[in-house]
Amino acid sequence: MYIGTHLAAGLIIGKITGDYTPAIIGAVIADVDHLYSYYKHGLFRSAKVFIKYARTKEDPIHDERNYLHNLNIVFGISLIIMLFNFFIGLVFLISYFSHLLFDALDQTDFYPFWPNMKINLRGPIRFFSLGDIVISIVMLVIFFIV
């Protein structure tokens, strides 16, 4: 899913828990590993190269979702935060888990135990498609209703 969907999930969780900061950070932080993958594969060399990649329907590099999209990392980071403040760690865990849940719904490769690539979760929704945008809009409506 694209960043808008994750941000909307973080807003909803923040509103429900009353703590927006760990909710929003947890919901979007995992996508930082996309930047590492883009750099590693030279996609930042020029805007033309990056735009060409962004327009592809497939995931030709297969490692956009790497270390930060790993369930073991999610629980490890959350546990460390919980040692300092249990509530903040719990909100962070719920938000981070929502990120992974939404990523499992789109058609891009998602290996929940990366670098182990034995399990690949791919859902029915195309990345940044009408379905993805509709989910974001529905979630924003839910945010304003809650």
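Scroll up a little and you will see the structure.
About the thresholds
Residues numbered from 1 in each chain as written. Predicted model: local features only at pLDDT ≥ 70, side-chain atom pairs only at ≥ 80, totals over all residues. Heavy atoms only, no water. Core = buried A, V, L, I, M, F, W, Y, C linked by side-chain atoms within 4.5 Å. Buried < 20%, exposed > 50% of the residue type's maximum accessible area, 1.4 Å probe, protein only. Helix = DSSP H or I, 4+ residues; strand = E, 2+ residues; numbered from the N terminus. Contact = heavy atoms within 4.5 Å. Polar contact = N/O pair within 3.5 Å; in protein donor to acceptor, adjacent residues only side chain to side chain.

A. Layout of the nonpolar core. Ranked by size, the top nonpolar core spans 10 residues in total: Ala30, Leu71, Val74, Met82, Phe92, Leu93, Tyr96, Leu100, Ala104 and Phe110. The set of elements that each furnish at least two residues to this core consists of helix 5 (71–84) and helix 6 (86–105). Here this core gets 5 residues from one element, more than from any other, and that element is helix 6. Ignoring anything within four residues of it in the chain, the contact list for Leu93 reads Val74, Phe75, Ser78 and Met82. In this structure, Ala9, Ile125, Met139 and Phe143 belong to the second largest nonpolar core, which totals 9 residues.

B. Quick peek at the side chain of Asp132. Within the secondary structure, Asp132 is located in helix 7 (residues 130–145). Judged by its relative accessible area of 0%, Asp132 is buried. Among the polar contacts made by the side chain of Asp132, one reaches the side chain of Thr5 at a distance of 2.9 Å. Once you skip the residues sitting within four places of it in the chain, Asp132 turns out to touch Met1, Tyr2, Thr5, Ile125, Arg126 and Phe127.

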